[in-house]
Amino acid sequence: MTDPAAAPAASPSAESSPWWRSAVIYQVYPRSFADADGDGVGDLPGITARLDHLRDLGVDAVWVSPFYPSPQADAGYDVADYCDVDPLFGTLADAERLIDAAHQRGLKVIIDVVPNHTSDRHPWFQRALAAAPGDEVRDWYHFRSPDPDDPEAPPNDWPSEFGGSAWSKTPDGQWYLHLFDSSQPDLNWEHPPVREAFRDILRFWLDRGVDGFRIDVAHGLVKAPGLPDSGLTREELATSALPTHTAPYFDQDGVHEIYRDWRGILEGYPGERLMVAEAWIRPYDRIARYVRPDEHHQAFNFGFLGTAWDAQELREHITRSYAANDPVGAPTTWVLSNHDVVRHATRFGWPAESLVTQLDGTMPEPVRETGLRRARAATTLMLALPGSAYLFQGEELGLFEVLDLDPSVRQDPTFHRTDGDRLGRDGCRVPLPWEAEEPAFGFSPTGEAWLPQPDGFQELAVDQQAGVAGSTLELYRALLAVRRERGLGTGEMRFVDEPVVEATVDSQSVVAFDVTTPAGTTRVLLNLGPALPLPEDATVLVASGPLQDGTLPTDTAVWLAV
Ligand code: NOJ
């Protein structure tokens with residue numbers, strides 16, 4: 001018996017779908033993936049040299065985080081030139097080689113576009129600074145003159161996402177807006193030349209063959225007219241249930257016409273090019289506005305990413321995700337980790353009540369074994385769901401968050417702007433281990449690494465897991481292979497409420513659903529409670545951990561052919 005009210009998803013079949021509707025997209029964070037030149041920072045030739053790992057893993061596409069010229073104040077999300085490559089990462093020719101090499105392996109390539117702000121070293125900002133207050137070139141950004149009665153009061157109460165005020169002063173005394181670091185001034189999207197410049201940037205990379213763009217802070221570009229006070233601190237906005245557009249700097253209606261314009265540009269190119277919105281907003285139906293048929297193709301599902309280890313909550317988020325996306329015809333996406341949040345193998349090792357995505361330094365010691373078991377189960381659940389899924393580099397190795405980085409090596413501006421109150425995101429950005437016995441575990445030929453790798457990464461190196469039954473790497477490979485064989489990512493999904501066998505499925509502790517594709521029906525069981533007997537005649541396709549005497553142990557997920 002199924003519960004039709006809870007039957008959420010209907011996705012078109014694989015054959016009729018563009019690739020991105022069900023794609024598994026692997027995020028490469030260039031500085032931490034693989035370092036070819038030995039300077040301790042990963043680079044584009046390093047990625048190219050390791051592409052076979054991604055082909056063998058079985059993903060469809062690679063999303064490469066920013067590699068543009070940048071002072072690296074925010075690890076490249078502070079762009080000084082959108083149409084070149086930072087020498088730290090290589091050259092434009094290296095980028096072209098990477099795109100070609102990926103395509104030769106059947107992998108699509110998505111790159112980051114960072115339109116909300118530039119680096120303060122970008123010529124546009126430098127030119128604005130060199131001009132007098134009031135000059136037209138200052139209209140590219142949000143400059144404001146100080147209030148003569150209170151020159152030290154910023155123009156409004158907006159907070160920087162990285163801590164402190166969103167306003168800083170130029171040497172000539174004008175204020176400028178930065179929703180992130182003071183080295184990341186916000187562009188003024190009401191100024192037509194800004195719009196024209198980004199059209200050219202998109203075309204520049206589309207001409208070089210990229211298959212799509214991840215749009216950074218897609219919800220931030222347009223601000224409420226007059227830049228009124230928000231009345232909310234960053235923490236109040238983040239922890240309240242208020243819709244994000246309550247803040248006058250996020251999710252304002254005017255952003256959507258920008259994406260309609262961009263969608264038109266993408267449609268002018270052959271192939272099915274993709275735009276995915278990074279929009280940390282709520283509620284779900286506001287996110288769905290970014291994926292209407294003439295805007296982005298996808299948006300990241302951060303509601304799912306933030307879900308606690310709780311069956312009821314997981315079901316609710318899955319249901320709400322489809323309920324928001326299906327009406328606009330967009331595929332739902334799924335994601336558990338990225339370069340901005342605590343790795344899910346660590347998050348799930350914390351008690352549910354302290355599950356957070358941003359570290360504040362007061363977290364209890366995670367239980368690593370529990371975290372990894374749950375992370376493997378969560379990924380097993382995720383990769384069966386219709387829609388597109390995002391993986392973050394290293395999660396296929398079961399990497400944990402490095403919590404004990406010394407303050408002297410931390411680089412995230414969040415750490416420095418909050419005087420260490422927020423630890424920041426360096427812990428998920430530690431360079432990957434490839435070969436356990438090589439310098440820097442194979443990350444770099446010289447043994448250099450921009451963040452120190454913990455000893456615990458050694459046993460998680462790719463060469464320690466490849467071909468080893470039961471390893472996290474082999475689990476991911478199996479999941480992706482079976483996903484492909486059975487057309488998962490497409491099809492129809494329906495929660496199952498019936499007893500799975502004799503045992504009553506306790507909806508408090510089990511998430512159970514069927515996915516039906518032309519290849520058959522796949523039953524997915526995630527057990528968060530006591531061992532659950534499996535049907536005797538069930539064919540186990542993949543399990544996230546060892547089964548025990550025909551039962552599914554706690555914190556384990558399985559795919560069954562039914
Ligand atoms: C979101 C990116 O993912 C994050 O890393 C960055 O710091 C901010 N946007 C600002 O660009």
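Residues numbered from 1 in each chain as written. Predicted model: local features only at pLDDT ≥ 70, side-chain atom pairs only at ≥ 80, totals over all residues. Heavy atoms only, no water.

1. Quick word on the overall build of the protein chain
Each helix and strand in the protein chain was counted, giving 16 helices and 19 strands. Relative to the compact-globule value of 24 Å for 562 residues, the protein chain shows a C-alpha radius of gyration of 23 Å, a close match. Taken along the three principal axes of its C-alpha coordinates, the protein chain extends 80 × 55 × 50 Å. In the protein chain, which comprises 562 residues, the proportion classed as buried is 62%. Across the protein chain, contacts joining residues at least 24 apart in sequence account for 68% of those joining residues at least 6 apart. Put simply, the protein chain shows about 20300 Å² of open surface, and 51% of that area lies on carbon and sulfur atoms. Taking the average place of the 45 positive charges on the side chains of the protein chain and the average place of its 87 negative ones, the gap between the two points comes to 4 Å. (Helix = DSSP H or I, 4+ residues; strand = E, 2+ residues; numbered from the N terminus. Rg over C-alpha atoms; globule rule 2.2 N^0.38 Å. Buried < 20%, exposed > 50% of the residue type's maximum accessible area, 1.4 Å probe, protein only. Contact = heavy atoms within 4.5 Å. Areas by Shrake-Rupley, 256 points an atom, 1.4 Å probe, with all protein chains shown as cover. Lys, Arg positive; Asp, Glu negative; His and termini not counted. Charge placed at Lys NZ, Arg CZ, Asp CG, Glu CD.)

2. Let's talk about the packing of aromatic side chains
Scanning the entire structure with this criterion turns up 33 aromatic pairs. With 5.0 Å between their ring centres and 65° between their planes, Tyr-82 and Phe-198 make a pair best called edge-to-face. Of this pair, Tyr-82 sits in the loop between β3 (61–64) and α4 (92–104) while Phe-198 sits in helix α6 (residues 192–207), and the two are 116 residues apart along the sequence. In this structure Tyr-82 comes out as buried when scored by relative accessible area, which is 3%. Considering the side-chain rings of Phe-400 and Phe-457, the 5.2 Å spacing of their centres and the 75° angle between planes classify their relative orientation as edge-to-face. In this pair, Phe-400 is assigned in the loop between β12 (388–392) and α14 (413–417) and Phe-457 in the loop between α14 and α15 (462–465), connecting sequence segments 57 residues apart. (Phe/Tyr/Trp six-rings, centres within 6.5 Å; stacked < 30°, edge-to-face > 60°.)

3. What about α4?
Spanning 13 residues, α4 covers 18 Å between terminal C-alpha atoms, matching the ideal 18 Å at 1.5 Å per step. Along α4, the residues classified as buried are Asp-94, Ala-95, Leu-98, Ile-99, Ala-101 and Ala-102. Of the surrounding secondary structure, the elements contacted by the buried residues of α4 are α2 (44–49), α3 (51–57), β3, β4 (108–113) and α6. Taken from the residues just after α4, Gly-106 is the one with a positive phi, measuring 80°. (Expected span 1.5 Å × (residues − 1).)

4. Looking at the site of the ligand
As a structural note, the neighbourhood of the ligand is formed by 13 residues, with Asp-74, Arg-214, Asp-216, His-339 and Asp-340 the closest of them. At a separation of 2.8 Å, an oxygen atom of the ligand approaches a polar side-chain atom of His-339. In the model, an oxygen atom of the ligand is placed 2.9 Å from a nitrogen or oxygen of the Arg-425 side chain. When the ligand is considered free in solution it has 290 Å² of accessible area, and contact with the protein chains removes 97% of it. Split into classes, the residues belonging to the shell around the ligand amount to four nonpolar, two polar and seven charged. (Near = heavy atom within 4 Å. Polar contact = N/O pair within 3.5 Å; in protein donor to acceptor, adjacent residues only side chain to side chain. Nonpolar A, V, L, I, M, F, W, Y, C, P; charged D, E, K, R; others polar.)

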